[in-house]
Each structure stands twice: as C-alpha cells, then as structure tokens.
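These are the residues of each chain, in order.
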Amino acid sequence: MTDATATPRPRPTGTVTLLFTDIEGSTVRWEERREAMAEALARHDALLREAVEKHGGYVFKTVGDACYAVFWRASDALLAASDGQGALRAQDWSALGDLKVRMALHSGATDERDGDYFGPVVNRIARLLGAAHGGQVVISGATALLLRGMLPEPMELLDLGEHRLKDLTDPEHVWQLVSPGLADMFPPLRSLGSVPNNLPRQLTPLVGRDQAVLEIKALLETSPLVTVVGTGGVGKTRASLQVAAELIDGSNDGVWFVELAALSDPNLTAPAISAALGIAERPDRQPLETLLHHIKNKRLLLVLDNCEHVIEEAARVAHAILQASPEVRLLATSREALRISGESVYTMPPLAIPSGALTGEDVLGYGAPALFVERARAADPQFELTADNASLVTEIVRQLDGLPLAIELAAARMKLLRIEDLAKRLDRKLAILTSGNRGVSTRQQTMRAAIEWSYELLSEEEKGFFRACSIFVGRVSLDAIARTASQQGIDDLAALELLTSLVDKSLISVDADGDKRYRVLESTREFASAELVGRGEHAAIARAHALAFLELAEELETAWGTTPEEQWRHRARTYLENWRAALEWSLAGGAELLIGLRLLAALPQQRVWFFTLAERRRWLSQARQAVDESTPAMLAAKVDLYEAQLSALSYRWDAVLVAARRAAAAFSELDDDICTAKARRYAGYALTQLGNAAEGEASLQAALEIYRERNDEREAASILHDIGDARNIAGDVAGARAYYDEALQIYKANGARESAIGLMRNLAEAEFRAGEVVAALDLAREALEFDRQSNNQLHIVEDLLNICAYETALRKFESAKACGLEALALAATSEAEVYSTIALQHAAVIVALGKPREAPSLEHLHRAARLLGYAQARLAALKVRCGFSEQQGYDAAIAVLRETLDDEKIALLSAEGAAWSEARAIAEARLA
C-alpha cells in the first residue's frame with residue numbers, strides 16, 4: 001500500500017536519463033481513422049504513463065503522440081521502456097491495423113525550466129528517436145555505459161554500431177534493447193549513413209533554431225527552391241545543413257552540400273555542383289549540360305551555400321536545374337535572393353533575445369543567451385549561468401544583435417576573460433570578435449572578415465550609401481533615410497533603390513511590423529562607421545543627418561495642433577535616438593552649434609519627455625555656452641524658453657519666471673505672437689506658483705487670447721488647464737473645475753489622451769483641496785495606470801507622490817509608504833532631485849502620523865523631525881514651494897510633533913536632519 005502522507009520524490013534534475021517515444025506512421029492513421037486513433041492514443045498514453053511511474057520516472061510532456069519522460073537512473077528508464085513495449089504489444093490494435101511505438105534512451109546533463117527539459121541532450125535524444133523504427137528501443141552510448149553490469153536477465157543490448165544522426169554532430173554509438181516479448185529484427189536505422197550524402201559533420205550542436213528549421217522545411221514542401229537570406233554571421237549555413245539532414249528520408253538519391261564561397265570564377269558554379277555529386281566532366285558537353293543530364297530523373301536535395309558572390313550564375317544554374325529536374329529540390333543560402341521563378345525566400349532572423357530582465361536559467365528559453373552559455377561552457381568548463389550573471393549574458397547578446405557568429409566569437413573569449421570584462425570590452429566589438437580557429441574559413445574567423453566579405457561585393461555607389469547609413473542610430477524610417485540622402489544630393493528614387501539593394505544583400509535589416517523601419521546591425525554599423533571616418537566622410541554625413549532630423553523635429557512641432565496626441569508621440573519616439581545623436585554631434589562636439597540650437601528649440605519639454613532630465617540639463621548648459629552676440633536673436637530667445645520649460649519640470653518657479661520673461665520680451669520685439677504666447681504662459685504659471693495669482697492669471701489670459709485668435713484649440717486647452725491650476729492654487733476650487741472642464745472637452749475632441757490624464761492629475765489636487773480625498777485618490781490611480789502604460793517616468797513619480805499624500809490623509813500608511821518608496825527609487829534613477837525630496841518629506845509625515853492606537857515613540861518622532869528638516873532644507877535650496885497636499889502633510893506632521901516636543905527641540909532635530917546627506921536621508925526613510 002502506498003503511504004498517502006509520504007513526501008513525493010523530487011523531479012529528476014541535473015544528469016538524468018530521458019525516455020522519448022512516439023507512434024510510427026501516426027499522421028496517416030489520424031487522417032484515415034480519426035476516431036479509432038483518438039481512442040487508441042488515450043490507451044497508449046495511459047499504458048506508457050503507468051510504466052514510467054511504476055519505475056520512478058516522471059512524464060514531463062506529451063505532444064501529439066509523443067511521450068517524454070525523465071528518470072534518475074538509466075536502469076529504471078530501461079525497465080520502463082521494456083514494460084511499456086510489452087504492455088503495448090499485449091493490446092488489440094486491430095481497429096487501426098496495427099500500432100507500433102519507437103523508443104529512445106539517452107543520458108546527460110539537462111537544463112530544467114518550468115517543468116520542461118532543455119539543452120543538447122534533449123536535442124540528441126530527439127534525433128536518436130528519429131532514427132528508430134516502430135517497436136524498437138534504441139539506446140545511446142552514454143546510457144549503455146551507465147547500464148553496464150546492471151542489465152537484468154535475460155535483457156541484452158545489441159550493438160548497432162556508430163551512426164551519424166540528423167543533428168550532424170559526433171557519431172552516436174547506438175545499441176538496441178533485446179528482451180523476450182520484444183521484436184528484435186528491424187531495418188537499418190534511419191541515420192545519415194542510410195542515404196547517400198556529403199553533409200559535413202558539425203562539431204557543435206545547433207542552438208535556438210528549431211523554429212527556423214521547421215519553417216524552412218515547410219517552405220520546401222511547397223517550393224522547389226528555398227533561398228535562406230540574411231546578414232553575415234546569422235547562421236544561414238548551419239540551419240540549412242540541419243534542414244538537409246532532416247529531409248534526408250525523402251531524398252532517395254541523396255542530399256548534397258555544395259560550398260560556393262571559395263569560387264573565384266562564377267563559371268565554376270555548375271562544375272562545383274557536379275564535383276559534389278561525383279559527376280565526371282565530359283569533354284563533349286558543357287558542364288551545365290552534363291550536370292542536367294545526370295540529375296534529370298533523380299530525387300535529391302541540393303544545398304547551394306554562399307551564392308552571393310556568384311549570384312547571377314547561381315541563379316542561372318538553379319533555374320536550369322528546376323526546369324530540367326522536377327524531383328530535385330534546391331536549398332540555397334545567400335546574402336540576397338536568387339530572384340527566379342519557383343523561389344521562396346526565407347529571411348533568417350537573429351537568435352531570440354529576452355525583451356526584459358530575466359534571471360537565472362529563464363534566459364535559456366531564448367536562443368541567443370542559450371547559445372552563448374553553451375559555447376561559453378565549451379570555452380571555460382568552469383563557467384556557470386547564475387542569477388547574478390544572467391543579466392550580463394542578456395546584455396552581451398543584445399549588443400551582438402543575436403548574431404550566432406558574433407555570439408560564438410564572444411563566448412570563445414570566456415577562456416581568457418571574466419564575463420564582466422567581456423561585457424565592458426564589447427564597445428569595441430570588431431576588435432574582440434576574433435577567433436584563432438583554423439578549422440573555419442578565413443571570413444568566419446572574425447566578424448570584420450564576415451562583414452568585409454559582403455562589403456566588397458557592393459558597387460562603389462552602394463558602398464558609399466552603406467557607409468552613410470552607419471550614421472543612423474537604431475530603427476529609422478524610409479522618410480528619415482531619404483531626407484538624409486537628399487542632404488547629400490541623392491534623390492528619393494535613387495535612395496530607395498540603394499536601400500532596397502542593401503536590404504536584399506542583408507546589410508540592412510527591415511522590421512516588417514506594420515511600421516516599416518530599417519536598421520544597420522550594430523557590428524555591421526561599427527564596420528561601416530569606421531570606413532566612414534577612415535575616408536574622411538563623417539563630418540559631411542553627420543551634418544546631413546542632423547539637418548534631416550532637425551527638419552523632422554520642426555515639422556513635428558508644427559503638426560502638434562492637428563495630430564492626435566498618441567500618434568504624435570509614437571512618431572516622436574521613433575526619432576528619439578537620432579535626435580539624441582544629432583544633439584550630441586552638434587552641441588557637445590561644437591561642430592554645428594546653430595543646428596544644435598535649432599534642434600533643441602524644436603523639442604518642447606512638455607511634449608518630448610523621453611530624454612532624461614540629466615541629459616536635458618547638459619544640453620541646456622552647452623546651449624548657454626554656445627549663445628553669444630553672433631547668435632540670431634530668435635534662437636537665443638528659444639534657448640531662454642527651453643530653460644523655462646526645463647526649470648518647470650523641476651518646480652524651480654523663480655528660474656522659470658526669469659527665463660520666460662526674458663524670452664517673452666525678445667519674442668515680442670521680434671513680433672512673434674506665438675512664441676510670445678508660449679513665453680507668457682510659462683511666466684504666468686510661474687507667477688501663480690510663486691503666490692502672485694492675479695498677475696499670473698493675467699499673463700495666462702493674454703496667452704490664451706493669442707491662441708484663440710489663431711484658432712489653435714490644442715494650445716488654448718493647455719492654457720485653460722493652466723488657468724484651472726492657478727484658480728486651484730488660489731483656493732477657487734469651483735473656478736478651477738470650470739476651466740478644467742472646458743479644457744477637458746477640447747482634449748477629448750482632439751484625441752489628447754495624455755493631456756487629459758495630466759488634467760486629471762491636477763483635478764485630483766483640486767478634489768483633495770475640497771476635502772474629497774477618495775475622489776482625488778481614484779483620479780490619481782487612473783492617471784498612474786495610464787502613465788505606467790506610456791512609461792512616462794516623471795509622471796509616474798508624480799502620480800505615486802500624489803497617491804502617497806492622499807493615502808496618508810486617509811491613514812492608509814502601509815500602502816502610502818510603498819508608493820512613497822517606489823517614487824523615491826524612480827526619482828533617483830531619473831535624477832529628479834525635487835521629487836526625491838518630496839518623497840522624503842512624505843516619508844517623514846508617515847513616520848510622524850503612522851502610529852495608530854498608541855503613542856509614537858520618541859525615536860520615531862525624532863526621525864520624523866530630522867527627515868522633515870532635511871526635506872525642508874533641500875526644498876529651500878532648490879527654491880521649490882510645496883504644493884497644497886505636501887503643505888497639508890507637513891502641517892499635520894508638525895502638529896503631531898508639537899504634542900510631545902517643544903519648538904526648540906523640533907528646531908534642533910530639524911537642523912540635524914538638514915545636515916544629512918541624501919544617502920542618509922534615504923536610509924532613514926527606508927527604516928521608518
């Protein structure tokens with residue numbers, strides 16, 4: 001009897017023995033006898049599961065008619081296989097005609113994740129199973145070794161010899177289980193040796209390409225020619241060899257690999273194919289004629305590898321073969337398609353890379369990190385994937401664009417470097433991505449050689465365009481590429497033709513995600529950029545790039561009033577990295593200061609919030625240094641406006657007022673009404689925040705009048721929003737609601753969802769001021785949900801701080817503290833000191849108020865007083881005035897402190913806190 005209270009045996013991990021099974025010929029049975037097959041499969045599954053569990057095994061997956069089980073011991077797996085075959089043979093399968101199950105056993109170290117098993121051992125047993133026949137149990141050499149001396153009588157292992165399995169790696173010594181009651185006579189194994197072929201042995205397993213292999217095989221079922229295209233080093237050849245190995249069963253006359261890379265003369269293409277097939281030349285015939293005569297009635301698969309440098313002749317020969325030989329299938333690899341009838345093109349993608357941060361073995365579910373780990377272990381057997389280094393592995397493969405060749409070359413360095421050192425050195429990718437492996441072709445020994453191979457096949461015009469494209473950062477639109485090209489005197493049509501050619505040759509990739517974007521892979525970009533600099537072309541191309549993205553920025557700013565907000569921001573995000581690059585070149589480098597100033601002025605802070613505060617401040621500093629007497633007055637005034645906008649993000653209202661007034665005066669003198677209105681808006685808002693509500697609203701009303709005269713509803717709504725804030729600050733909640741409502745109607749009519757959410761944020765403050773704390777909290781939470789989706793970090797911090805204040809008022813101290821600490825952490829990463837300081841003040845308030853039903857200890861009160869002292873000192877230094885909710889919290893905390901401490905003690909404690917470092921204040925807030 002089984003003890004129901006016994007602790008279940010843990011699932012096997014580490015070095016295990018796997019048992020894989022499937023039903024031979026199941027597809028035909030499903031098509032012909034579906035109902036009978038469904039009943040039979042249920043019986044089959046139950047019998048196998050019973051046999052596995054009887055011997056201490058674990059069925060970890062069933063897929064269709066396949067069963068995958070794992071055991072701690074090889075002997076248990078063998079007994080389960082024997083019992084399973086015996087139970088299956090004892091059944092009546094006459095409704096199906098017959099049912100035969102093949103089984104395979106293999107042992108080794110696996111990677112386990114989410115109850116599933118991964119790694120080369122799993123791939124190996126799958127290939128071993130594919131070589132077996134129904135009713136047969138085959139056993140790998142590794143498992144046979146473990147079974148030595150442990151075979152129960154009368155079981156025996158029959159030596160089937162060494163076989164090359166369809167994974168193309170080392171031959172496998174295969175054994176067969178012989179036992180009473182089991183069939184023991186079978187045809188030869190379905191290994192590579194059973195069909196003529198010249199497929200080269202591969203020294204390492206294929207990693208991360210299961211999906212690609214399936215997709216290429218599916219294309220070959222319907223197309224006589226499939227061309228696998230992709231950039232150098234993406235793994236076209238290796239995946240194609242695996243496809244060829246798996247299709248060997250349907251190729252009676254063989255599978256033949258033809259390496260074309262070494263050909264210097266395109267006319268040698270047909271002779272190279274004949275040589276691979278063992279066809280002797282005929283002096284009375286042309287090489288192609290001899291080839292076609294030989295394969296006319298053959299059923300075979302030809303793999304034509306590396307066609308790009310003989311592309312015209314390869315296409316001609318392939319077309320002739322397809323015309324003359326209906327049973328021949330062609331699988332080609334090339335940097336570009338052959339472009340002949342009957343061709344299907346498969347673009348080999350880079351290996352999969354985790355999109356977010358994963359820890360430990362979770363990363364092994366993605367091809368790129370899995371390949372790195374497998375090859376790193378080969379280079380350094382001591383290498384281990386850990387929770388600590390998984391993020392580094394992910395970052396390394398991300399920098400290498402998921403290119404298998406680049407990953408293999410990088411992993412090879414692990415015999416000399418720690419993973420941290422490798423990650424640091426990847427800023428010089430082409431220098432470090434080299435190999436001393438003489439067993440591969442010269443062009444595969446370094447990434448530079450692989451890229452140079454493709455580069456040298458280009459025309460001079462294509463080379464120049466390719467070098468110019470290295471100036472782009474990330475994914476860019478055709479429009480951006482064409483605008484940059486036009487700055488070089490290349491018209492739209494010519495740019496499109498050159499871009500198409502480079503895409504076809506796999507030197508530029510296109511992301512076909514509905515929003516066509518183009519990019520040069522990082523390693524390839526590094527090569528092209530070096531060529532650009534080496535030829536003295538960089539300055540001219542960088543200028544063309546900066547002018548193109550300045551043009552896009554100015555057009556986008558003009559389109560603000562007529563473009564739905566989400567659409568506008570989506571478009572702006574696509575320019576982000578290239579705007580950054582253009583600003584760095586023009587401002588930081590001092591190369592073209594006027595271009596940089598114009599670009600900076602075209603990126604309004606309240607709309608383009610994607611840059612960090614730190615880099616915006618740095619650009620402002622550089623712009624300030626660049627402005628002198630020679631700077632056009634309009635540009636100098638726009639720098640003042642930029643400063644006002646940036647200061648507003650940090651609540652530095654005195655700085656906002658000074659810069660905005662200076663800008664307004666200059667714009668007014670230049671007779672620019674719109675820019676004057678922008679400056680007056682910021683001056684007016686600053687005045688309201690500084691306590692001068694009447695003058696502030698007058699300035700805002702003046703700006704509103706200008707926008708209404710111009711029928712600019714979107715900007716008018718923004719001013720109405722600001723006037724609502726002014727009324728709110730002045731305590732006129734009813735007036736604030738009226739202005740908010742008018743602005744909200746315009747936002748909704750114009751699809752300005754983000755602006756509407758910003759209004760809700762301020763309406764929450766109005767509700768809080770009116771005593772409607774629950775309503776304020778609901779509005780703030782809705783704003784937070786939206787801002788998390790749009791990933792506006794500063795708005796997320798602001799929402800969290802508001803929620804913290806409202807929940808504190810509702811005495812929900814635990815959730816308030818959680819929001820405050822999250823805001824503190826995000827503010828630190830955003831380098832937004834004012835938000836960090838407000839978060840610390842909220843923490844002080846929670847410390848002071850958060851001891852319900854008992855008197856706060858003196859320790860808590862002292863910590864609260866010191867934290868308040870720190871926050872107040874920092875806010876004063878930053879020249880920031882607290883908002884209503886912050887002031888309410890401060891007043892409540894001081895009132896609680898005064899119940900126990902006198903003013904002199906509070907002042908002393910506050911002074912101590914004011915002397916703290918930010919790190920000390922943050923530590924104290926977390927302890928609270």
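Now for a quick tour of the structure.

Summing up its helical and strand segments, the chain has 39 helices and 16 strands in all. Per-residue burial over the chain gives 54% buried out of 928 residues. Contacts in the chain between residues at least 24 apart in sequence constitute 71% of all its contacts with a sequence separation of at least 6. Roughly 40200 Å² of accessible area belongs to the chain as shown, and the carbon and sulfur atoms make up 50% of that amount.

Moving on: the pairing of strand 9 (residues 172–178). For strand 7 (residues 137–139) and strand 9, the ladder comprises 2 bridges, and the chain directions are antiparallel. The residue bridging V138 from the neighbouring strand is Q176, located in strand 9.

By size, the foremost hydrophobic cluster in this structure holds 226 residues, and its most contacted members are F372 and W579. In terms of residues, this core owes the most to one element, helix 35 (residues 833–849), which gives 12 residues. Excluding its chain neighbours within four sequence positions, the residues that come into contact with W579 are F549, A553, L556, A572, L599, L603, V608 and F611. In this structure, V258, L260, L291 and L304 belong to the second largest nonpolar core, which totals 32 residues.

We now examine the packing of helix 35 against helix 39 (residues 918–927). Packing of helix 35 against helix 39 brings their axes to within 10 Å, and their N-to-C directions diverge by 40 degrees. In terms of orientation, helix 35 lies oblique with respect to helix 39. Here helix 35 runs over helix 39; the crossing is left-handed. Two secondary-structure elements touch here, helix 35 through S836, L840 and A843 and helix 39 through E918, A921, I922 and A925. Taken together, the residues of the contact of helix 35 with helix 39 break down into 5 nonpolar, 1 polar and 1 charged.

Moving on to the sheet that holds strand 10 (residues 225–229). The strands that make up a sheet pair up through hydrogen bonds in the backbone, lying either parallel or antiparallel. Overall, parallel pairing links the 5 strands, which are arranged 11-12-13-10-14 in an open sheet. Edge strands, defined here as strands with exactly one partner in the open sheet, are strand 11 (255–259) and strand 14 (343–347). Sheet twist, expressed as the average angle between the axes of neighbouring strands with direction ignored, equals 20 degrees. As defined by bridge partners, strand 11 adjoins strand 12 (residues 300–305) across 5 bridges and the pair is classed as parallel. Pairing of E259 across the sheet is with D305, part of strand 12. Packed onto the sheet, helix 8 (residues 269–277) meets strand 11 and strand 12 and runs at close to 140 degrees relative to strand 11.

Across the sheet, 7 strands lie side by side as 2-3-1-4-7-9-8; this open sheet has mixed pairing. Taken across any chain shown, the strands that pair with only one partner, and hence form the sheet edges, are strand 2 (58–63) and strand 8 (156–163). Strand-to-strand twist across the sheet, computed as the mean angle between neighbouring axes with direction ignored, equals 25 degrees. Against the sheet, helix 3 (residues 74–89) makes contact with strand 1 (15–23), strand 3 (66–71), strand 4 (101–109), strand 7 and strand 9, and its axis sits at roughly 170 degrees relative to strand 4, the strand it touches most. With respect to the sheet, helix 4 (residues 120–131) is in contact with strand 1, strand 4, strand 7 and strand 9, its orientation differing from that of strand 4 by roughly 155 degrees.

Next up on the list: the side chain of E172. In this structure, E172 sits in strand 9. Filtering out sequence-adjacent residues up to four positions away, E172 remains in contact with R124, S140, G141, A142, G161, E162, H163 and L165.

In this section: the pattern of salt bridges. A complete count under the given rule lists 62 salt bridges for this structure. Of the charged contacts in the structure, one is a salt bridge between D799 and R761, with a shortest N-O distance of 2.7 Å. On the criterion of sequence distance, the pair formed by D799 in helix 33 (residues 793–809) and R761 in helix 31 (residues 753–769) is long-range, its members being 38 residues apart. An identical accessibility class is assigned to D799 and R761; each is buried. For R863, the salt bridge goes to E924, with nearest N and O atoms at 2.9 Å. In this pair, R863 is assigned in helix 36 (residues 858–878) and E924 in helix 39, connecting sequence segments 61 residues apart. Judged by relative accessible area, which is 13%, E924 ranks as buried. Salt bridges here are not isolated pairs; linked through shared partners, they connect E336, R339, E462, D504 and K505.

Another aspect to go through is the packing of aromatic side chains. Taken as a whole and assessed by the stated rule, the structure comprises 16 aromatic pairs. Both rings, one in Y651 and one in W653, keep their centres 6.0 Å apart while their planes meet at 85 degrees; by these two values the pair is edge-to-face. Through a chain of ring-to-ring contacts, three or more aromatic side chains come together here, namely F20, F60, Y68 and Y117. The ring of Y455 carries K463 above its face, with NZ or CZ at 5.3 Å from the centroid.

For the rest of this paragraph, the subject is helix 20 (residues 522–534). Its 13 residues give helix 20 an end-to-end C-alpha distance of 18 Å, which sits within 8% of 18 Å, the value for a rise of 1.5 Å per residue. Here helix 20 has its buried residues at S523, T524, R525, F527, A528 and L532. Backbone geometry just downstream of helix 20 places G536 in the positive-phi region, at approximately 70 degrees.

Axes are the key here: two packed helices are described by the angle between their axes and the distance separating the axes. Closest axis-to-axis distance for the helix 32 (residues 773–790)/helix 33 pair is 9 Å, and the angle between their directions is 155 degrees. Regarding the angle of helix 32 to helix 33, the classification is roughly antiparallel. Crossing hand, helix 32 versus helix 33: left-handed. Here helix 32 contributes V773, A776, L777, A780, R781, A783, L784, D787 and R788 to the contact with helix 33, which in turn contributes H795, I796, D799, L800, N802, I803, Y806, E807 and A809. Classifying every residue of the contact of helix 32 with helix 33 gives 11 nonpolar, 2 polar and 5 charged.

So, on to helix 37 (residues 884–900). Between the first and last C-alpha of helix 37 there are 25 Å, a value that for 17 residues agrees with the 24 Å anticipated at 1.5 Å per step. For helix 37, the elements touching its buried residues are helix 31, helix 33, helix 35, helix 36 and helix 38 (903–914).

Reading the values: rules and limits
Residues numbered from 1 in each chain as written. Predicted model: local features only at pLDDT ≥ 70, side-chain atom pairs only at ≥ 80, totals over all residues. Heavy atoms only, no water. Helix = DSSP H or I, 4+ residues; strand = E, 2+ residues; numbered from the N terminus. Buried < 20%, exposed > 50% of the residue type's maximum accessible area, 1.4 Å probe, protein only. Contact = heavy atoms within 4.5 Å. Areas by Shrake-Rupley, 256 points an atom, 1.4 Å probe, with all protein chains shown as cover. Pairing = 2+ DSSP bridges. Core = buried A, V, L, I, M, F, W, Y, C linked by side-chain atoms within 4.5 Å. Axes fitted to C-alpha atoms, helices over the stretch in contact; angles between N-to-C directions. Parallel < 35°, antiparallel > 145°, perpendicular 65-115°, else oblique. Left-handed = near helix turned anticlockwise from the far one by under 90°. Nonpolar A, V, L, I, M, F, W, Y, C, P; charged D, E, K, R; others polar. Salt bridge = Lys/Arg side-chain N within 4 Å of Asp/Glu carboxyl O. Phe/Tyr/Trp six-rings, centres within 6.5 Å; stacked < 30°, edge-to-face > 60°. Lys NZ or Arg CZ within 6 Å of the ring centre and 35° of its normal. Expected span 1.5 Å × (residues − 1).

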